[in-house]
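Now for the letters of each chain:
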Amino acid sequence: MRDAAVTADSYDVAVVGYGPTGATAANLLGAQGLKVLVVERDPDVYGRARAISTDEEVLRIWQSIGLADRLQQDMLPDRPAAFVDAAGVPFIETTIAPRGSGHPPQQFLYQPAVDHVLREGVDRFGNVDVLLEHECLRVLGRSDHVELMLADLGADTFKRVRASYVIAADGGSSPTRGQLGIGYSGSTYAERWVVIDTKVHKEWDAHDRLRFHCNPDRPTVDCPTPLGHHRWEYPARAGEDEQTLLREPEVWKVLEDQGITRDNVEILRAVVYSHHVRVADRWRVGRIFLAGDAAHAMPPWIGQGMSAGVRDAANLCWKLAAVLSGRAPDTLLDSYEAERKPHVVEVTRRACLVGRVITERNRLIAAVRNHSLRALTKLPGVLRGGQKLYWIPDARYRDGLFARTGNPAVGRQIPQPWVVDDTGATVRLDDVFAGRWVVLHTGDAPVGVQAWTDLGVPVIALDGPQHATRPGAVHDLDGTLVTWLRRKKAATAVLRPDGFIYAAARSGQPLPAPPAGYRPAPTKTGARA
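Per an unreviewed UniProt entry, the chain goes by Bifunctional 3-(3-hydroxy-phenyl)propionate/3-hydroxycinnamic acid hydroxylase and derives from Mycolicibacterium peregrinum.

A.B. asks: Would you take a moment to explain the sheet that holds strand β22 (residues 438–441) for this structure?
C.D. replies: Strand pairing in a sheet is mediated by backbone hydrogen bonds. Such pairs are either parallel or antiparallel. As summarised here, the arrangement of the seven strands in space is β21-β20-β24-β23-β22-β25-β26, forming an open sheet in which the pairing is mixed. A strand with exactly one partner marks an edge of an open sheet, and here the two such strands are β21 (426–428) and β26 (501–505). Across this sheet, the average inter-strand angle for adjacent strands is 30 degrees, counted without regard to direction. The strands touched by helix α14 (residues 480–487) within the sheet are β22, β23 (459–463), β24 (474–476), β25 (492–495) and β26, with β23 carrying the most contacts at an inclination of about 100 degrees.

A.B. asks: Whenever I open this one, the domain arrangement of the chain confuses me. Can you help?
C.D. replies: Reports often express the size of an interface as the amount of accessible area lost when the parts come together. According to the domain assignment, the chain contains domain 1 (10–63 + 109–182 + 281–339) and domain 2 (412–505). At the junction of the two partners, domain 1 supplies eight residues and domain 2 supplies 12 residues. Taking both sides of the interface into account, the surface hidden between domain 1 and domain 2 amounts to around 860 Å²; carbon and sulfur atoms contribute 35%. Considering only the surface of domain 1 that becomes buried against domain 2, R60, Q63 and W318 emerge as the three largest contributors, covering 75% of it. Our enumeration of links across domain 1 and domain 2 arrives at two salt bridges. E339 is the salt-bridge partner of R496, the closest N and O atoms lying 2.7 Å from each other. Applying the counting criterion to the domain 1 and domain 2 interface returns seven residue pairs in polar contact (both at pLDDT 80 or more).

A.B. asks: I keep staring at the sheet that holds strand β6 (residues 90–94) and nothing clicks. Help me out?
C.D. replies: Ordered by their spatial adjacency, eight strands build an open sheet running β6-β5-β13-β14-β15-β12-β16-β19, and the pairing between neighbours is mixed. Every interior strand has two partners, whereas the edge strands, β6 and β19 (296–297), have only one. Alignment of strand β16 (residues 265–280) against β19, held across two bridges, turns out to be antiparallel. Looking at the pairing, R278 lines up with A297 of β19. Docked against the sheet, helix α9 (residues 335–358) engages β5 (81–84), β12 (184–200), β13 (210–213), β16 and β19, running at close to 130 degrees with respect to β16.

A.B. asks: Is there a simple way to think about the nonpolar core in this case?
C.D. replies: If you look at soluble globular proteins, the nonpolar side chains tend to sit buried side by side. W62 and L148 are the most contacted members of the largest nonpolar core, which has 115 residues in total. Looking at which element gives the most residues to this core, the answer is helix α8 (residues 305–324), with 13 residues. Counting residues domain by domain, this core receives three or more from each of domain 1 (10–63 + 109–182 + 281–339) and domain 2 (412–505). In this structure, Y397, A409, A490 and L495 belong to the second largest nonpolar core, which totals 26 residues.

A.B. asks: Before we go on, may I ask you to explain the packing of α8 against α9 in this structure?
C.D. replies: A pair of packed helices can be characterised by two numbers: the angle between their axes and the separation between those axes. It is the contact of α8 with α9, at a shortest axis distance of 10 Å, that shows an interaxial angle of 165 degrees. With respect to α9, the axis of α8 lies roughly antiparallel. Seen along the crossing, α8 lies across α9 with a hand that is right-handed. Touching A308, R311, D312, N315, L316 and K319 of α8 are S335, Y336, E339, R340, H343 and V344, all from α9.

A.B. asks: Explanation requested: the packing of aromatic side chains in the structure shown.
C.D. replies: For the structure shown, the criterion picks out 14 aromatic pairs. Here W318 and W437 contribute two aromatic rings whose centre-to-centre distance is 6.0 Å and whose plane-to-plane angle is 80 degrees, an arrangement assigned as edge-to-face. Linking W318 in helix α8 with W437 in the loop between α12 (429–433) and β22, this pair joins segments that are 119 residues apart in sequence. As far as the burial class goes, W318 and W437 line up, both buried. Centre to centre, the rings of W437 and Y518 are 5.6 Å apart; their planes meet at 80 degrees, and the pair counts as edge-to-face. Taken together, the positions of W437 in the loop between α12 and β22 and Y518 in the segment after β26 put the pair 81 residues apart, joining distant regions of the chain. For W437, a relative accessible area of 12% gives the class buried.

A.B. asks: When you look at the environment of W62 in this model, what are you seeing that I'm missing?
C.D. replies: Considering the arrangement of structural elements, one finds W62 in helix α2 (residues 56–64). A relative accessible area of 0% places W62 in the buried class. When near neighbours in sequence (up to four residues on either side) are disregarded, W62 contacts T24, T54, L67, A68, L71, M75, V114, L118, M306 and V310.

A.B. asks: Would you take a moment to explain helix α4 (residues 111–122) for this structure?
C.D. replies: In this model α4 runs 17 Å from its N-terminal to its C-terminal C-alpha over 12 residues, within 8% of the 16 Å that 1.5 Å per residue would give. Here α4 lies mainly inside the structure; 10 of its 12 residues are buried. What α4 keeps buried is the set Q111, P112, A113, V114, D115, V117, L118, R119, G121 and V122. Where α4 is buried, its residues contact α1 (20–31), β2 (36–40), α2, α3 (68–72) and β8 (128–132).

A.B. asks: What am I meant to see in the pattern of salt bridges here?
C.D. replies: When the charged atoms of two side chains with opposite charge come close together, those side chains can pair. Here the structure, examined in full by the defined rule, presents 31 salt bridges. We note a salt bridge from D69 to R428, for which the minimum N-O separation is 3.6 Å. Here D69 is found in helix α3, whereas its partner R428 is found in strand β21, with 359 residues between them in sequence. For R428, a relative accessible area of 13% corresponds to the buried category. Across the salt bridge formed by D334 and R284, the nearest N and O atoms sit 2.6 Å from each other.

A.B. asks: Which parts of the structure should I look at to understand the side chain of R231?
C.D. replies: Counting through the fold element by element, R231 comes out in strand β15 (residues 229–235). A distance of 2.8 Å separates a polar atom in the side chain of R231 from the backbone oxygen of R50.

A.B. asks: What's the story with unusual backbone geometry in this structure? I'm lost.
C.D. replies: Trans peptide bonds make up the majority, and among non-glycine residues the majority have a negative phi. Unlike most non-glycine residues, A434 shows phi in positive territory, near 55 degrees. With respect to the secondary-structure elements, A434 resides in the loop between α12 and β22. In this model, K489 sits at a positive phi of 60 degrees, which is unusual for a non-glycine residue. Among the secondary structure elements, K489 is positioned in the loop between α14 and β25.

About the thresholds
Residues numbered from 1 in each chain as written. Predicted model: local features only at pLDDT ≥ 70, side-chain atom pairs only at ≥ 80, totals over all residues. Heavy atoms only, no water. Pairing = 2+ DSSP bridges. Helix = DSSP H or I, 4+ residues; strand = E, 2+ residues; numbered from the N terminus. Axes fitted to C-alpha atoms, helices over the stretch in contact; angles between N-to-C directions. Contact = heavy atoms within 4.5 Å. Domains from an automatic or database assignment. Buried area = accessible area lost by both parts, 1.4 Å probe. Salt bridge = Lys/Arg side-chain N within 4 Å of Asp/Glu carboxyl O. Polar contact = N/O pair within 3.5 Å; in protein donor to acceptor, adjacent residues only side chain to side chain. Core = buried A, V, L, I, M, F, W, Y, C linked by side-chain atoms within 4.5 Å. Buried < 20%, exposed > 50% of the residue type's maximum accessible area, 1.4 Å probe, protein only. Parallel < 35°, antiparallel > 145°, perpendicular 65-115°, else oblique. Left-handed = near helix turned anticlockwise from the far one by under 90°. Phe/Tyr/Trp six-rings, centres within 6.5 Å; stacked < 30°, edge-to-face > 60°. Expected span 1.5 Å × (residues − 1).

Okay, structure coming up:
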């Protein structure tokens, strides 16, 4: 990891915070050719594993920066999940179903390993400067830039830099959010949770699956993590002393109740934390944006805290690149909060719902829960259908930068099948589109496309497996996307750079015009939209 000296005092974007959200943003912006500064107060990757899982949509984002395959080398995909009663007998057993994003639907991870790979990705870009052991003391928004006052924690010196925009990804206690006077509405659970990270020496039965021990006496999350690690989380009971709980003899009492011995694992660390349910009142103040935990905090039950931050970065960064290149007006950036906040609120609601199932303390209610869910999940389709209600919601935005045509495809992220491109190579679909606006059609040439081609937007035909591929077209090998578009009544779809559908039209129906204010060519050098 390099600690770069500042070679100029002016940047397109400054990113405050270098966790997964900030590092993803730095990769996305660096790949766009923007001049970026990253500011991080710690000297290296934070050593404690915090996030422990992610999903296929986030891997799709990391695919866009060329890191998905490398990251997955250190991940554990598609592990079964079980909700078990006090006797350890499952009343729900399932595996998360895929949604067609081209990656495993759930991946367990070891966050320090993820952080290292993301930072190595940033090192590819000479246009990204990284300042480790630097603290952002102040952000001051101006009409055409933001001034940042930085403290060099090693040299005990100060420096001032300027950026056109700032992304504050500086965590749940975000000093930037505090300086801006933005409220952080919500609550903190009164219950304290003990988190035990271990190194696995000898595997045991069910070591490789996620288990929610829904025991009223001591609810416990038992979670596999890759690279030879395993985690347990459980609440402190009323009256239990926090420091006592963290001592090894007390930790071993809990692990031994799970059948785990000193032959199985070595305890690496034990910490206590509280769950938070909070959302910032505003995610934008002028040229400064909140992302990740600085904008929202959620309990860990469906493993979406880190993933939500990565989604924030993906939504915001292509819009910043479009504005900075002169292709779009600054008002485009208002769609960031409008799109992301409702999705985050819904994810948080679902995480809380799953948490209530796991942590029910009333024995009678727990017994009814166990019996009813055990019977219900034996019915055909219930397990997979239930995931649509309690797991991660569909990648869909109902408000924001979209054409209001009434087509059900608008606002959704398209599936990502394997396709054959116009060179004959078999690739994932996003690799064909390469982060561009694209007009995609399955039938005849779309109507009303001239306004889009005048902006330089390519028009790409999509053929299904039963059709001979036309010159220049993309061949959907198993028909996944062709079928999905047909079900959504979309013969033509205009895709944004993040793979969400801006507009869609039936066969013969004209496309809406491009967004107001979009221009055909960059007016600023050094960045590409």
